[in-house]
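Inside the fold
Residues per chain, in single letters:
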Amino acid sequence: LFFEIKHEERDAQMRGDTFDQVADWREVALGAALTLRAEHHPALASAALAAALLHATNHAWFKTLLFLAAGSVQRAAHTLNLDRTGGLLRRMPFTGAAVLVGCLAIAALPPLNGFVGEWMLFRSLVDLGASNSGDASRLVGLAALGSLALTGGLAVACFVRLFGIAFLGLPRSDEADAATESTASMYGVLGALALGCVATGLAAPWIIRWLEPVPIALVGPRGATADHELLTLASGASLSPAVIAGMLIILAPLPWIVARAVYGANRRARGPVWAGGMRFRPAMQYTATSFSKPLRLFFSRVLFPERRIEVSYHGVSRLPRLVRYSGRVAGLFEERLYAPA
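Residues numbered from 1 in each chain as written. Predicted model: local features only at pLDDT ≥ 70, side-chain atom pairs only at ≥ 80, totals over all residues. Heavy atoms only, no water.

**What to know about the overall build of the protein**
Each helix and strand counted, the protein has 16 helices and 6 strands in total. The dimensions of the protein, computed from C-alpha atoms along their principal axes, are 75 × 55 × 45 Å. A total of 341 residues make up the protein; the buried ones form 40% of that total. Here the contacts in the protein between residues at least 6 apart in sequence split such that 74% fall between residues at least 24 apart. Here the protein contributes 32 positively and 24 negatively charged side chains, and the mean placements of these two sets differ by 9 Å. (Helix = DSSP H or I, 4+ residues; strand = E, 2+ residues; numbered from the N terminus. Buried < 20%, exposed > 50% of the residue type's maximum accessible area, 1.4 Å probe, protein only. Contact = heavy atoms within 4.5 Å. Lys, Arg positive; Asp, Glu negative; His and termini not counted. Charge placed at Lys NZ, Arg CZ, Asp CG, Glu CD.)

Here you go:
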């Protein structure tokens, strides 16, 4: 009995649109700045506009890094289909490390550069919801806040999938198994961009000071000020990326230290992977399609996922010879509105 399941899904691609479909907070920040200005909150509007400018500056770092990394992976593995990659971190360690930094940055995790701009926007929307503006403006601010919080979680899931499927585990194809590290000129550029993501995250207060004249000229009073490494908003909220980085460095190994003190040194033994009595194949690993399926099911009333299952049998036998599964999430706006127009 040969039983094979083949997945063909459009969203399992390590392409530019994978990165570009993560929520772009710049437009939301600009909208918040206009709303706050119309509601006569110039300081908060200035902070929201500064958040948009900072996020645009940060995009120049991590989006460039991820686009170039996708090209490096395509050159090495001859594919951008995530389900045909895997295990690339062992074969492309420098590229993998740079991609990890880019994924953390675009997912807006501290202390990298994507975090500060998102934090400023969140604070501006919180202040809009708590302000003395009209009920409509406050409700819009709170709705945008909830939407951004949801999108931030989905962004983390998106880039956990991207890095985990492409760089961890075992190679799912001969091309991925034969992949080699890019040339020094390629991963050197990726490394420089990764360092830029870290540096601009730590230097966010200085970048805000550099960008400050723009929102002041367009909106009015200062909404975000920088004092040494501390970033302070008009509402009184403050943030220090350097302190956050220091705390993460100190606290990150704490669980391992506690576990080592309580349970002693780990003892590991390696054995064959149990695959239900069948010979294990790398294709049996978790795929990008299976990783995202719970989200597609949860948001099925919004995404309207499509899938098709074809089963062929051994003659009159009821035992399946081949099962072919294909699924995709249609781009409703592109396919039903934009393309026909």
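Next, the rest of the story.
**Points about the pattern of salt bridges**
For the coordinates displayed, the defined rule picks out 7 salt bridges. One salt bridge connects R123 with D127, and the closest N-O pair in it is separated by 3.3 Å. In this pair, R123 and D127 both sit in helix 6 (residues 113–129), 4 residues apart, roughly one turn of the helix. Residue classification places R123 among the partly exposed positions, given a relative accessible area of 25%. (Salt bridge = Lys/Arg side-chain N within 4 Å of Asp/Glu carboxyl O.)

**Some remarks on unusual backbone geometry**
Cis geometry marks the peptide bond from P110 to P111, where omega comes out at 5°. Phi at H78 takes a positive value of approximately 60°, unusual for a residue other than glycine. On the secondary structure map, H78 appears in the loop between helix 3 (42–77) and helix 4 (88–91). According to the relative accessible area criterion, H78 is exposed, its value standing at 61%. The phi torsion at F304 lies on the positive side, around 50°, for a residue other than glycine. The residue F304 is located in the loop between helix 15 (300–303) and strand 5 (305–313) in this model. You can call F304 partly exposed: its relative accessible area is 46%.

**Details of the pairing of strand 5**
In this structure, strand 5 lies alongside strand 6 (residues 320–329), joined through 9 bridges in antiparallel fashion. Looking across to strand 6, one finds that Y313 is bridged to P320. Hairpin connection from strand 5 to strand 6: 6 residues lie between these consecutive antiparallel strands, with G315 at a positive phi of about 60°. (Pairing = 2+ DSSP bridges.)

**Side note on the packing of aromatic side chains**
As enumerated under the stated definition, the model contains 5 aromatic pairs in all. Ring centres 4.6 Å apart and planes at 15° place the aromatic pair F94 and Y187 in the stacked group. Pair noted here: F94 is in helix 5 (residues 93–106) and Y187 is in helix 9 (residues 184–202), with a separation of 93 residues, a long-range link. Measuring from ring centre to ring centre gives 5.0 Å for F298 and F299, while their planes differ by 80°; the resulting arrangement is edge-to-face. (Phe/Tyr/Trp six-rings, centres within 6.5 Å; stacked < 30°, edge-to-face > 60°.)

**Looking at the environment of A77**
Mapped onto the fold, A77 is located in helix 3. Spatially, the C-alpha atoms of A77 and R172 are 11 Å apart, while their sequence positions differ by 95 residues. Here A77 is in contact with E175, A176 and A179, once residues within four sequence places are set aside.

**What about helix 9?**
For an α-helix, 3.6 residues make a turn, and residues three or four places apart therefore share a direction. In this model helix 9 runs 27 Å from its N-terminal to its C-terminal C-alpha over 19 residues, within 8% of the 27 Å that 1.5 Å per residue would give. Contacts from the buried residues of helix 9 go to helix 3, helix 5, helix 6, helix 10 (204–211) and helix 12 (241–251). (Expected span 1.5 Å × (residues − 1).)

**Some remarks on the state of the cysteines**
The final tally for this structure, using the stated rule, is 0 disulfides. This cysteine, C158, is not joined by any disulfide, and C103 carries the nearest cysteine sulfur, 8.1 Å off. The exposure class of C158 is buried, given its relative accessible area of 19%. In this structure C197 is not part of a disulfide, and its nearest cysteine sulfur, from C103, lies 10 Å away. A residue is classified by how much of its surface remains accessible, and C197, at 0% relative accessible area, is buried. (Disulfide = S-S within 2.5 Å.)

**With respect to a nonpolar patch on the surface**
A grouping of V243, M247, I250, L251, L254, W256, I257, V258, V262 and Y263 is seen on the molecular surface, where their side chains present a nonpolar patch of about 1000 Å² in accessible area. Taken together, the elements giving at least two residues each to the nonpolar patch come down to helix 12 and helix 13 (254–263). Within the secondary structure, V262 is located in helix 13. A relative accessible area of 56% places V262 in the exposed class. (Patch = residues over 30% accessible without salt bridge, like charges linked within 9 Å, V, L, I, M, F, W, Y side chains within 5 Å. Areas by Shrake-Rupley, 256 points an atom, 1.4 Å probe, with all protein chains shown as cover.)

**Overview of the side chain of T95**
Assignment of secondary structure puts T95 in helix 5. Note on T95: relative accessible area 0%, which makes it buried. Not counting chain neighbours up to four residues away, the residues in contact with T95 comprise S72, F167, E181, S182, Y187 and L190.

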